[in-house]
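Descriptive structure summary
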Amino acid sequence: MAETNAINEQEMMQYIAGKTKASQENIALVLKHEQAYINKAHENSKGNDVDIDGDDLADYILSRKDVKLDELTVESILDAEMDYLMDKGHAGYVD
């Protein structure tokens, strides 16, 4: 049985597509590179909390060879993902 607090990835993809008008393929590509960036940050943190800077994350994604999107589209996808995760209680911002 699935955990009730689990993220419904299909629902999240539809939410992001609805807000950004980006294709499912582009959304998946951005989220894939985002996850790689976050995983690397966790590896480098040595067990400490990880602070992800949104601008650095967007720059990283835009620097990937397979990403042919403009900065506004990448940031819109990331913002929509964060809105979805906050709406579902999975994430928040730290001041």
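Because the structure is predicted, anything quoted here is derived from the model rather than measured. (Residues numbered from 1 in each chain as written. Predicted model: local features only at pLDDT ≥ 70, side-chain atom pairs only at ≥ 80, totals over all residues. Heavy atoms only, no water.)

Quick word on the overall build of the chain
A count of helices and strands for the chain gives 4 helices and 0 strands. Overall, the chain shows an N-to-C arrangement of helices and strands of α-α-α-α. By principal-axis analysis of the C-alpha atoms, the chain measures approximately 35 × 35 × 30 Å. Per-residue burial over the chain gives 28% buried out of 95 residues. Look at the contacts in the chain between residues 6 or more apart in sequence, and 52% of them connect residues 24 or more apart. Summed over its atoms, the accessible surface of the chain is roughly 6,700 Å², and 47% of this surface lies on carbon and sulfur atoms. A distance of 8 Å separates the average location of the 9 positive side-chain charges in the chain from that of its 21 negative side-chain charges. (Helix = DSSP H or I, 4+ residues; strand = E, 2+ residues; numbered from the N terminus. Buried < 20%, exposed > 50% of the residue type's maximum accessible area, 1.4 Å probe, protein only. Contact = heavy atoms within 4.5 Å. Areas by Shrake-Rupley, 256 points an atom, 1.4 Å probe, with all protein chains shown as cover. Lys, Arg positive; Asp, Glu negative; His and termini not counted. Charge placed at Lys NZ, Arg CZ, Asp CG, Glu CD.)

Let's talk about the nonpolar core
I16, I27, V30, I61, V74, I77 and L78 are the most contacted members of the largest nonpolar core, which totals 21 residues. Where this core is concerned, the elements lending two or more residues are α1 (9–20), α2 (24–45), α3 (54–62) and α4 (71–87). Per element, the largest residue contribution to this core is 6 residues, and it comes from α4. Those residues within four positions of V74 in sequence are excluded, and the remaining contacts are V30, A58, I61, L62, V67 and L69. (Core = buried A, V, L, I, M, F, W, Y, C linked by side-chain atoms within 4.5 Å.)

Examining the packing of aromatic side chains
In this structure the tally under the stated criterion is 2 aromatic pairs. Relative to Y84, the ring of Y15 lies with its centre 5.4 Å away and its plane at 55°, an arrangement referred to as tilted. Residue Y15 is found in helix α1, and its partner Y84 is found in helix α4; the two are separated by 69 residues along the sequence. Overall, Y15 belongs to the partly exposed group, its relative accessible area being 24%. On the basis of relative accessibility, which here comes to 3%, the residue Y84 falls in the buried class. Here Y37 and Y60 contribute two aromatic rings whose centre-to-centre distance is 5.1 Å and whose plane-to-plane angle is 50°, an arrangement assigned as tilted. With Y37 in helix α2 and Y60 in helix α3, this residue pair connects regions lying 23 residues apart in the sequence. Judged by its relative accessible area of 21%, Y60 is partly exposed. (Phe/Tyr/Trp six-rings, centres within 6.5 Å; stacked < 30°, edge-to-face > 60°.)

Concerning the pattern of salt bridges
Within the structure shown, the criterion is met by 3 salt bridges. Across the pair K88 and E11 runs a salt bridge, and its minimum N-O distance is 3.4 Å. Of this pair, K88 sits in the segment after α4 while E11 is found in helix α1, placing the two residues 77 residues apart along the sequence. Judged by its relative accessible area of 34%, E11 is partly exposed. (Salt bridge = Lys/Arg side-chain N within 4 Å of Asp/Glu carboxyl O.)

Considerations on the environment of V74
Here V74 shows up in helix α4. Along the chain, V74 and L29 lie 45 residues apart, while their C-alpha atoms are 9.9 Å from each other.

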